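Given next are the chains, with one letter for each unit.
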Amino acid sequence: MLKWLKYAGLALLALIGALLYLGWASDIPRDELIAKYATGASDFIDLPSGARAHYRIQGNPEGQSIVLLHGSNASLHTWEPWVAQLSDDYLIVTVDLPGHGLTGPVPSDDYSYQGMVNFVKEFTEAIEINTFILGGNSMGGGVTLAYTLQYPDDPTHLLLVDAGGTQLPTPPKGEVDYPLAFELAGRWYSSWIIEYITPRSLASEGLLASVSVKEILTEDMIDRYWELARYPGSRRATGIRFAGYRDAGRRDLPVEGIALPTLIIWGDEDKLIPVELGYALDSRIPNSELKVFNGVGHLPMEEVAKESAEAVRAFLKTNWP
């Protein structure tokens, strides 16, 4: 028995050693990441809470403002394809949410939906945008819904792209395939792996699981996800955020109370948030319209940038007073 325990202990130490050797990835200095990824229209603003937000304002200064919120473990860069398609008519505002991109950790350490809502509110006030079209993908879609329920007079329209924040009454029929990083983060026994052992393969695997149009996946895109995840303190923030998700249980926001014109965009092959939830969301929001793209996964704004942006343009043109 003692001999068996000895060998098991040695095997465990060997496994830990192999993980450390193969997957150890240190933080990347903030200034190095800023030099590489805070390009073009990028800017920073210090918020009353002490957070320093990385954001971009691009497009037509005479157009209606669209504020776009990215999904979990992503960054404002995910919206650049829409910026390219819509900036002739609209003023596009994108921002890295707390614990993400070049905003990174925030002093409050609050990465819950409420913390995100608080951040978006003080950010929009700081850049002096009072009314705006509000949109989000995945986690950012859930934050969009939560924000609207709390501040219903701020947005004029909603754009929900494979949005989180709600649940089906029964498990979805479609396949759900969470990336390994999602499974590890926020658990007491494995969150440390994400914080210290973050091989590039984790970013690659997560993106492969998220998209169906594989042509959008480039080495630069994988590098960006992998490197921004290693912004100092962001991996710890990710663990806090996922632990909060697990502690809170199933989140189902009362979206029936949202009266704003709402465009719901979904990829029919989304394996993270199945399209059944898009149909359910459309049935629950009174003034909504659903556009499903075939052969598309979790990131329609990147996978079918032109087609999804045209759906946005048509929706806003039809529903503008």
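Right, let's walk through the structure included here. (Residues numbered from 1 in each chain as written. Predicted model: local features only at pLDDT ≥ 70, side-chain atom pairs only at ≥ 80, totals over all residues. Heavy atoms only, no water.)

### Things to note about the packing of helix α8 (residues 200–210) against helix α9 (residues 219–228)
At their nearest, the axes of α8 and α9 sit 9 Å apart, and the two run at 115° to each other. The hand of the α8/α9 crossing is right-handed. For the pair α8 and α9, contact is made by Arg 200, Ala 203, Ser 204 and Leu 207 and by Glu 219, Met 221, Ile 222, Asp 223, Tyr 225 and Trp 226, respectively. Tallied by class, residues from the contact of α8 with α9 come to 6 nonpolar, 1 polar and 3 charged. (Axes fitted to C-alpha atoms, helices over the stretch in contact; angles between N-to-C directions. Helix = DSSP H or I, 4+ residues; strand = E, 2+ residues; numbered from the N terminus. Left-handed = near helix turned anticlockwise from the far one by under 90°. Contact = heavy atoms within 4.5 Å. Nonpolar A, V, L, I, M, F, W, Y, C, P; charged D, E, K, R; others polar.)

### What to know about the packing of aromatic side chains
Applying the stated criterion to the full structure yields 5 aromatic pairs. Taking the centre distance of 5.4 Å and the plane angle of 65° together, the rings of Tyr 55 and Phe 123 count as edge-to-face. Residue Tyr 55 is found in strand β2 (residues 52–59), and its partner Phe 123 is found in helix α4 (residues 113–126); the two are separated by 68 residues along the sequence. An identical accessibility class is assigned to Tyr 55 and Phe 123; each is buried. (Phe/Tyr/Trp six-rings, centres within 6.5 Å; stacked < 30°, edge-to-face > 60°. Buried < 20%, exposed > 50% of the residue type's maximum accessible area, 1.4 Å probe, protein only.)

### What to know about the pattern of salt bridges
With the rule as written, the count across this model stands at 14 salt bridges. Between Arg 235 and Asp 27 there is a salt bridge whose closest N-O contact spans 2.8 Å. Taken together, the positions of Arg 235 in helix α10 (residues 234–248) and Asp 27 in the loop between α1 (2–23) and α2 (30–37) put the pair 208 residues apart, joining distant regions of the chain. Taking the shortest distance from any N to any O, the salt bridge between Asp 46 and Arg 52 comes out at 2.9 Å. Overall, the relative accessible area of 53% leaves Asp 46 in the exposed class. A relative accessible area of 36% means that Arg 52 is categorised as partly exposed. (Salt bridge = Lys/Arg side-chain N within 4 Å of Asp/Glu carboxyl O.)

### Re the sheet that holds strand β5 (residues 132–138)
The 8 strands lie next to each other as β1-β2-β4-β3-β5-β6-β7-β8, forming an open sheet whose pairing is mixed. Across the chains shown, the open sheet's two edge strands, defined by having one partner strand only, are β1 (42–46) and β8 (288–293). Neighbour to neighbour, the strand axes of the sheet diverge by 20° on average, direction disregarded. In terms of strand pairing, strand β3 (residues 65–69) meets strand β4 (residues 91–95) through 5 bridges, oriented parallel. From the neighbouring strand, Leu 69 faces β4, where its bridge partner is Val 95. (Pairing = 2+ DSSP bridges.)

### Digging into the side chain of Arg 224
Among the secondary structure elements, Arg 224 is positioned in helix α9. Here Arg 224 is buried and forms no salt bridge, its nearest opposite-charge partner Glu 302 lying at an N-O distance of 4.5 Å. Once residues within four sequence positions are removed from consideration, Arg 224 is found in contact with Tyr 37, Ser 75 and His 77. (Lys, Arg positive; Asp, Glu negative; His and termini not counted.)

### Examining α2
Inspection of α2 places Leu 33, Ile 34 and Tyr 37 among the buried residues, and these make up the whole buried set. Buried residues of α2, seen end-on, are gathered within an arc of 100° and therefore sit on one face of the element. With respect to the buried face of α2, the exposed residues turned more than 90 degrees away are Asp 31, Glu 32 and Ala 35. Of the surrounding elements, those touching the buried residues of α2 are β1, β2 and α9. (Arc of directions from axis to C-beta.)

### Looking at the packing of α4 against helix α5 (residues 139–150)
Packing of α4 against α5 brings their axes to within 9 Å, and their N-to-C directions diverge by 70°. Taken together, the axes of α4 and α5 are roughly perpendicular relative to one another. Of the residues in α5, those touching α4 at Tyr 113, Gln 114, Met 116, Val 117, Asn 118, Val 120, Lys 121 and Thr 124 are Met 139, Gly 142, Val 143, Ala 146, Tyr 147 and Gln 150. Counted by class, the contact of α4 with α5 contains 8 nonpolar, 5 polar and 1 charged residues. (Parallel < 35°, antiparallel > 145°, perpendicular 65-115°, else oblique.)

### Here we look at the environment of Ala 53
The topology assignment puts Ala 53 in strand β2. In this structure Ala 53 comes out as buried when scored by relative accessible area, which is 0%. Distance in space between the C-alpha atoms of Ala 53 and Leu 102 is 7.5 Å, their sequence separation being 49 residues. Setting aside chain neighbours within four positions, we find Ala 53 in contact with Asp 43, Phe 44, Ile 45, Leu 47, Val 95, Thr 103, Phe 119 and Phe 123.

### Topic: the nonpolar core
Membership of the largest hydrophobic core comes to 44 residues, with the highest contact counts inside it found for Leu 69, Phe 119, Phe 123, Val 143, Leu 145 and Leu 281. Top contributing element to this core by residue count: α4, with 6 residues. Listed in part, the 34 residues of the second largest apolar core include Ile 66, Leu 86, Tyr 90 and Met 301. (Core = buried A, V, L, I, M, F, W, Y, C linked by side-chain atoms within 4.5 Å.)

### Section: unusual backbone geometry
Note on backbone geometry: most residues besides glycine have negative phi, and most peptide bonds are trans. Positive phi is not limited to glycine here, since Asp 109 has a value of about 55°. With respect to the helices and strands, the residue Asp 109 is situated in the loop between β4 and α4. Owing to a relative accessible area of 27%, Asp 109 belongs among the partly exposed residues under this scheme.

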